[in-house]
Amino acid sequence: MTEFAEGELVEVCLKEDGYFGSFFEAKVLSKLHDGTFYEVEYKNLITEGENPQPLIETISADDIRPMPPTLPQPSTFSLHEKVDAFDLDAWWYGEIYGYDGETYYVHFPTTKHLCEYPLQSLRKHLEFVDGEWVPSAMSTRRR
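All values derive from a computational prediction rather than experimental measurement. (Residues numbered from 1 in each chain as written. Predicted model: local features only at pLDDT ≥ 70, side-chain atom pairs only at ≥ 80, totals over all residues. Heavy atoms only, no water.)

## Overview of the overall build of the chain
Phase 1 of the analysis: If you tally the helices and strands in the chain, you get zero helices and 12 strands.
Phase 2 of the analysis: Taking 2.2 N^0.38 as the reference for a compact globule, 143 residues should give roughly 15 Å; the C-alpha atoms of the chain span a radius of gyration of 16 Å, in line with that estimate.
Phase 3 of the analysis: Expressed as a percentage of the 143 residues in the chain, the buried residues total 40%.
Phase 4 of the analysis: Across the chain, contacts joining residues at least 24 apart in sequence account for 42% of those joining residues at least 6 apart.
Phase 5 of the analysis: Surface accessibility of the chain: about 8,800 Å² in total, with carbon and sulfur atoms responsible for 51%.
Phase 6 of the analysis: Taken as two groups, the 12 positive and 26 negative side-chain charges of the chain have centres that lie 6 Å from each other. (Helix = DSSP H or I, 4+ residues; strand = E, 2+ residues; numbered from the N terminus. Rg over C-alpha atoms; globule rule 2.2 N^0.38 Å. Buried < 20%, exposed > 50% of the residue type's maximum accessible area, 1.4 Å probe, protein only. Contact = heavy atoms within 4.5 Å. Areas by Shrake-Rupley, 256 points an atom, 1.4 Å probe, with all protein chains shown as cover. Lys, Arg positive; Asp, Glu negative; His and termini not counted. Charge placed at Lys NZ, Arg CZ, Asp CG, Glu CD.)

This is the structure in structure tokens:
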């Protein structure tokens, strides 16, 4: 299991209905319960009410991964290429279903939706396997 330090930027996988397959950016505030849980503060999620604050939650270590490396933005994506699309304050795992100029149609296997995105809202999909980031084609694990 990967250990995370206080202040480290991470991605949190939400497994709730409607959010499965999404990764939200967060910062580790503290390690709890011998490292099996962490308290994190989300970058883009806020509390409800009159004075909204960044949302803070206790998350299982199994649902946290390091931030993926920053790769150069591709000038294009291919049909069926695995990508992450930034939408609703999170990165969502999907596959290129089609494209028209700089508009890409992404199919999301976890929600069965097909949505369109500009090139700048997409990134190459990587898997975090055995403590390393690898291209999804090299991964032996599936979501």
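## Details of unusual backbone geometry
Phase 1 of the analysis: A positive phi angle is found at Asp89, which is not glycine, with a value near 65°.
Phase 2 of the analysis: With respect to the helices, strands and loops of the structure, Asp89 is situated in the loop between strand S6 (82-87) and strand S7 (90-100).
Phase 3 of the analysis: Classification of Asp89 by relative accessible area gives partly exposed; the value is 36%.
Phase 4 of the analysis: Here Lys112, not a glycine, exhibits a phi torsion of approximately 65°, which is positive.

## A short note on the domain arrangement of the chain
Phase 1 of the analysis: By domain assignment, the chain separates into domain 1 (8-66) and domain 2 (81-135).
Phase 2 of the analysis: Put simply, the middle of domain 1 and the middle of domain 2, counted by C-alpha atoms, are 21 Å apart.
Phase 3 of the analysis: Here domain 1 packs against domain 2, burying approximately 1,100 Å² in sum over the two surfaces, 56% of which is carbon and sulfur.
Phase 4 of the analysis: If you sort the residues of domain 1 by the area they bury against domain 2, Asn44, Arg65 and Pro66 come out on top, with a joint share of 37%.
Phase 5 of the analysis: Here domain 1 and domain 2 share three residue pairs in polar contact (both at pLDDT 80 or more) between them.
Phase 6 of the analysis: With four residues, strand S2 (residues 22-32) is the largest single contributor of residues to the side of domain 1 that touches domain 2.
Phase 7 of the analysis: Here the residues of the side of domain 1 that touches domain 2 are counted per class, giving five nonpolar, four polar and three charged. (Domains from an automatic or database assignment. Buried area = accessible area lost by both parts, 1.4 Å probe. Polar contact = N/O pair within 3.5 Å; in protein donor to acceptor, adjacent residues only side chain to side chain. Nonpolar A, V, L, I, M, F, W, Y, C, P; charged D, E, K, R; others polar.)

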